[in-house]
Number of protein chains: 2
Amino acid sequence: MEKQTITIYDVAREASVSMATVSRVVNGNPNVKPATRKKVLEVIDRLDYRPNAVARGLASKKTTTVGVIIPDVTNIYFSSLARGIDDVATMYKYNIILANSDENGQKELQVLNTLLAKQVDGIIFMGNQISTNMRSEFARSKTPIVLAGSVDSDEEIASVNIDYIAAVEEAVSTLIRHGNKKVAFVTGNMDQPINGLYRLNGYKKALAKVGLPFDEKLVFETEYSYKAGEAIWPEIKATDATAAVVGDDELAIGLLNGAGDDNAKFPDDFEIITSNDSKLTEMSRPKMSSITQPLYDIGAVAMRLLTKLMNKEEIENQTILLPYGIVERGTTK
Amino acid sequence: MEKQTITIYDVAREASVSMATVSRVVNGNPNVKPATRKKVLEVIDRLDYRPNAVARGLASKKTTTVGVIIPDVTNIYFSSLARGIDDVATMYKYNIILANSDENGQKELQVLNTLLAKQVDGIIFMGNQISTNMRSEFARSKTPIVLAGSVDSDEEIASVNIDYIAAVEEAVSTLIRHGNKKVAFVTGNMDQPINGLYRLNGYKKALAKVGLPFDEKLVFETEYSYKAGEAIWPEIKATDATAAVVGDDELAIGLLNGAGDDNAKFPDDFEIITSNDSKLTEMSRPKMSSITQPLYDIGAVAMRLLTKLMNKEEIENQTILLPYGIVERGTTK
DNA sequence: AAAAGGCTTTAAAACGCTTGCATTTGTTTT
DNA sequence: AAAACAAATGCAAGCGTTTTAAAGCCTTTT
C-alpha cells in the first residue's frame with residue numbers, strides 16, 4: 001500500500017483551520033494569529049508535512065528555479081561561474097537547473113525550450129556566441145535572462161563581464177613593455193564576439209599604441225583545450241614570436257607544456273599571459289601570469305542581477321563590467 | 001497588456017477537439033486518428049503552444065527532473081561525473097537540478113529537502129560521507145537514489161564506483177615493485193569510508209602481501225586541495241618515504257609541485273600515483289601516473305541506473321563497480 | 001439489419017496549492 | 001452599547017495538465 005503523501009488539506013483538517021490559513025503560515029504571511037500559527041506548525045511537524053513545490057508553482061506561477069545554460073561543466077572557467085551562480089541562487093531560495101550545451105546552437109535552443117516549458121523564473125546563459133535563433137527566442141520570451149561571462153555585442157541583454165578589450169590591451173602592453181616585438185594572440189573561435197571583436201580589438205589597440213604593425217600571422221585561432229595548446233606551439237614557434245596572450249587557461253597550460261617539452265625556457269625564451277586566472281594558473285610550472293577575472297563573482301553578480309530582474313526591480317545598468325587585473329607570475333619576466 | 005500564455009485549452013478550441021485529444025497528441029499517444037493528429041499539430045504550431053511542464057508535473061506526478069547533490073562543481077572529479085550524469089539525463093529526457101553541498105551535512109539535508117519538495121523523480125548523490133541523518137531521509141523517502149563515486153558501506157543504497165580497495169592495492173603494489181620500501185598514503189578525511197575503510201584497506205593489503213610493516217607515520221590525512229598538497233610535502237619528506245599514493249588529483253599536483261619546488265626529481269627521487277586520472281594528470285610536468293577511473297562513465301552509469309529505478313524496472317545488482325586501471329606516466333619509474 | 005467490437009473522442013474529476021473576496025471575530029471610538 | 005474599523009479566517013475559483021470511465025462512430029460478423 002502506497003504511503004499517502006500528505007497534503008495541505010490534511011494539515012488543515014488536523015489543525016481545524018482552512019487550507020488558506022495553513023498556506024499562510026507556510027508562506028510566512030503575517031496575518032495569522034500567533035496561537036493559530038503555533039497550532040498549525042505543530043500539526044505540520046507531527047504529520048511531517050512538506051509543501052509540494054510543483055502545485056505551488058502552478059498556483060503561484062513561480063517555480064523558484066532558474067535555468068543555467070553552460071557550455072561544459074567540466075571546464076573550470078565555467079564551473080567557477082556556476083559555483084558563484086548557485087551560491088547566490090541558494091541565498092535567494094532559488095534552485096538551478098543546469099544544462100550543458102557544448103556551445104552547440106541546436107542544443108542551446110533545445111535546452112532553452114525545455115527550460116521555458118519547465119517555467120523557470122529566469123535564465124543565466126553562458127556561451128561565447130548568441131545565435132540569432134537564440135536571440136529571437138530571448139526577445140520573444142518574457143523570462144528574464146542574464147549573460148554571465150558572455151557578451152552581447154548589442155548590449156540588449158543583461159550581462160556581467162569584465163572589459164575584455166582593456167584587459168587584453170593591458171596584457172599585450174605588458175608583454176611589449178617587457179621587450180617583446182612579436183606577441184602572438186592565441187584564442188578561440190574568432191566568430192565569437194568576445195574573441196573576434198573584443199579581445200582582438202584590445203590586441204590591436206596595444207600594438208597601435210606603440211606603433212607596432214598588426215600581423216595576421218601572429219593571430220592563432222584554435223579551440224579551447226589542452227591538446228590544442230600543445231599542438232599549436234610549433235606553429236607559434238615558427239613565427240619567431242617571443243610571447244603570447246592566450247584566451248583560455250587550459251589552452252595556455254597546453255601551450256606552456258608543449259613549449260616546455262620542446263625545451264623552451266620560461267620566461268626567458270617565451271612569455272605567456274593567459275586570461276582567466278583559474279586555479280590552473282597556479283598548478284603549472286612555472287605558474288602562469290594572467291589577466292585576473294573574478295570568476296566566482298561574475299557568476300554571483302549575474303545571479304544577483306537576475307533576482308532583481310525576476311523581482312521586476314528597476315535596474316540602473318544592465319551591462320555590468322567587473323574589475324580585472326594582471327598578475328605576473330612565472331611566465332613573464 | 002500581458003501576452004496571454006496559451007494553454008492546451010486554446011489549442012483544443014481552435015482545433016475543435018477536446019483537451020484530452022490534444023494531450024494525447026502532445027504525448028505521442030497512438031490512439032489518435034492521423035487526420036486529427038495532423039489538425040492538432042497544425043494548431044499547436046500556429047499558436048506556438050508549449051506545454052506547461054509544471055501543470056504536467058502536478059497532474060502526472062512526474063517532473064522529469066532529477067536532483068544532483070554535488071560537493072563542489074568546481075572540483076574536476078565531481079564535474080566530470082556531473083557531465084556524465086547530465087548527458088544521459090538529457091538522453092532520457094530528464095533535466096538536472098544541481099546543488100552544491102560542500103560536503104556539509106547541514107547543507108546536504110537542506111538541499112535534499114528542497115529537492116524532495118520540488119518533487120524530483122530521483123536523486124543522484126555525490127559526497128564522500130553519508131551522514132546518518134541523510135541515510136534516514138533516504139530510507140524514508142520513496143524517491144529513488146543513486147550514489148555516484150560515493151560508497152555506502154552498508155550497500156543498501158544503489159551506487160556506482162570502482163573497486164577502491166583493489167585499485168589502491170594495485171597502485172601500492174606497483175610502487176613496491178619499483179623498489180620503494182616506504183610508500184606514503186596521502187588522502188582526505190579518514191572518517192569517510194572511501195578513505196578510512198576502502199583505500200586504507202587496499203594500502204594495508206598491498207603491504208601485507210609482501211610482508212612490509214604498516215607504519216601509521218606514513219599515513220597522511222589532509223584535505224583535497226592543491227594547497228594542502230604543497231603544504232604536506234615537507235612532512236612526507238621528513239619520513240624518508242620515497243613514494244606516495246594520493247587520493248585526489250588536485251592534492252597530488254600540489255604535492256608534486258611542492259616537491260618539485262623543493263628540488264625533488266620525479267620519478268628518481270620520489271614516485272607518485274594519484275587516484276582519479278582527471279585531465280589534471282596530463283597537465284602536470286611530469287605527467288602523473290594514476291589509477292584510472294572512468295569518471296564520465298561513473299556519472300553516466302549512475303544516471304542510467306537511476307532511470308531504471310525511476311521506471312521501477314528490476315535491478316539485478318544495484319552496487320555497480322566499473323573497471324579501473326593503472327596508467328604509468330612521468331611520476332613513476 | 002441487428003449485434004458485436006474496436007477505435008476515437010469527450011467529459012469531468014483529480015493533482016495540491018495560492019489568492020482575491022467575503023465573512024467572522026475582536027477591538028476601539030464615540 | 002451601538003457603530004466603525006481592523007485583524008484573522010474561511011470560501012472557492014482558479015493554475016494547466018493528465019487520466020479514467022463513458023460515449024460515439026465505424027466496420028465486421030452473423
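That block above? That's the structure.
This structure is a prediction, so every number in the text was calculated from the model and none was measured.

Parameters at a glance
Residues numbered from 1 in each chain as written. Chains lettered and ligands numbered in written order. Predicted model: local features only at pLDDT ≥ 70, side-chain atom pairs only at ≥ 80, totals over all residues. Heavy atoms only, no water. Helix = DSSP H or I, 4+ residues; strand = E, 2+ residues; numbered from the N terminus. Rg over C-alpha atoms; globule rule 2.2 N^0.38 Å. Buried < 20%, exposed > 50% of the residue type's maximum accessible area, 1.4 Å probe, protein only. Lys, Arg positive; Asp, Glu negative; His and termini not counted. Charge placed at Lys NZ, Arg CZ, Asp CG, Glu CD. Near = heavy atom within 4 Å. Polar contact = N/O pair within 3.5 Å; in protein donor to acceptor, adjacent residues only side chain to side chain. Nonpolar A, V, L, I, M, F, W, Y, C, P; charged D, E, K, R; others polar. Phe/Tyr/Trp six-rings, centres within 6.5 Å; stacked < 30°, edge-to-face > 60°. Lys NZ or Arg CZ within 6 Å of the ring centre and 35° of its normal. Contact = heavy atoms within 4.5 Å. Buried area = accessible area lost by both parts, 1.4 Å probe. Salt bridge = Lys/Arg side-chain N within 4 Å of Asp/Glu carboxyl O.

A. Quick peek at the overall build of chain A. Along chain A, the regular secondary structure elements total 13 helices and twelve strands. Its C-alpha radius of gyration of 25 Å places chain A more than 25% over the 20 Å reference for a compact globule of 333 residues. Taken along its principal axes, the extent of the C-alpha atoms in chain A is 85 × 40 × 35 Å. Here chain A holds 333 residues, and 56% of them are scored as buried. Of the charged side chains in chain A, 38 are positive and 44 negative, and the gap between their average positions amounts to 9 Å.

B. Quick look at the protein's contact with DNA strand D. Within the structure, DNA strand D sits among 29 residues, and Ser18, Arg24 and Thr36 of chain A together with Ile8 and Ser23 of chain B are positioned closest to it. Sugar plus phosphate: this is where 59% of the atoms of DNA strand D within 4 Å of the protein reside. Taking Thr21 of chain A, its side chain carries an N or O atom lying 2.8 Å from a phosphate oxygen of DNA strand D. Note that a phosphate oxygen of DNA strand D is positioned 2.9 Å from one of the side-chain N or O atoms of Asn27 of chain B. Counting only elements with at least two residues in the surface near DNA strand D, the list comes to helix H2 (19–26) and helix H4 (53–60) of chain A together with helix H2 (19–26) and helix H4 (53–60) of chain B. Among the residues forming the surface near DNA strand D, the class breakdown is twelve nonpolar, eleven polar and six charged.

C. Broad picture of the packing of aromatic side chains. All names here are of chain A. Summed over the entire model, instances satisfying the criterion amount to twelve aromatic pairs over all chains. Considering the side-chain rings of Tyr77 and Phe78, the 5.0 Å spacing of their centres and the 75 degrees angle between planes classify their relative orientation as edge-to-face. Phe78 sits in the buried class, given a relative accessible area of 5%. Put simply, the rings of Phe185, Tyr203 and Phe214 touch in pairs and so form one group of aromatic residues. Of note, Lys204 hangs over the ring of Phe214, and the distance from its end group to the ring centre comes to 4.8 Å.

D. Spatial organisation of the protein's contact with DNA strand C. Surveying the vicinity of DNA strand C reveals 27 residues, the closest of which are Ile8, Ser23 and Tyr49 of chain A together with Arg24 and Thr36 of chain B. Protein-adjacent atoms of DNA strand C, using a 4 Å cutoff, are sugar or phosphate at a proportion of 64%. Within the side chain of Tyr49 of chain A, a nitrogen or oxygen atom sits 2.5 Å from a phosphate oxygen of DNA strand C. Residue Lys61 of chain B places a side-chain N or O atom 2.9 Å away from a phosphate oxygen belonging to DNA strand C. Listed by contribution, the elements that provide at least two residues to the surface near DNA strand C are H2 and H4 of chain A together with H2 and H4 of chain B.

E. Representation of the interface of chain A and chain B within the structure. Facing 54 residues of chain A, the contacting portion of chain B comprises 54 residues. Carbon and sulfur atoms supply 47% of the area buried between chain A and chain B, which totals about 4,700 Å² over both sides. Applying the counting rule to chain A against chain B returns twelve salt bridges. For Arg83 of chain A, the salt bridge goes to Asp72 of chain B, with nearest N and O atoms at 3.1 Å. The tally of links from chain A across to chain B stands at 32 residue pairs in polar contact (both at pLDDT 80 or more). Those elements that provide at least two residues to the side of chain A that touches chain B are H4, helix H5 (76–91), strand E2 (95–100), helix H6 (105–117), helix H7 (132–140), helix H10 (226–238), helix H11 (249–261) and helix H12 (280–283) of chain A. The dominant element in the side of chain A that touches chain B, judged by the number of residues it contributes, is E2 of chain A, at six residues. Class assignment of the residues belonging to the side of chain A that touches chain B gives a composition of 18 nonpolar, 15 polar and 21 charged.

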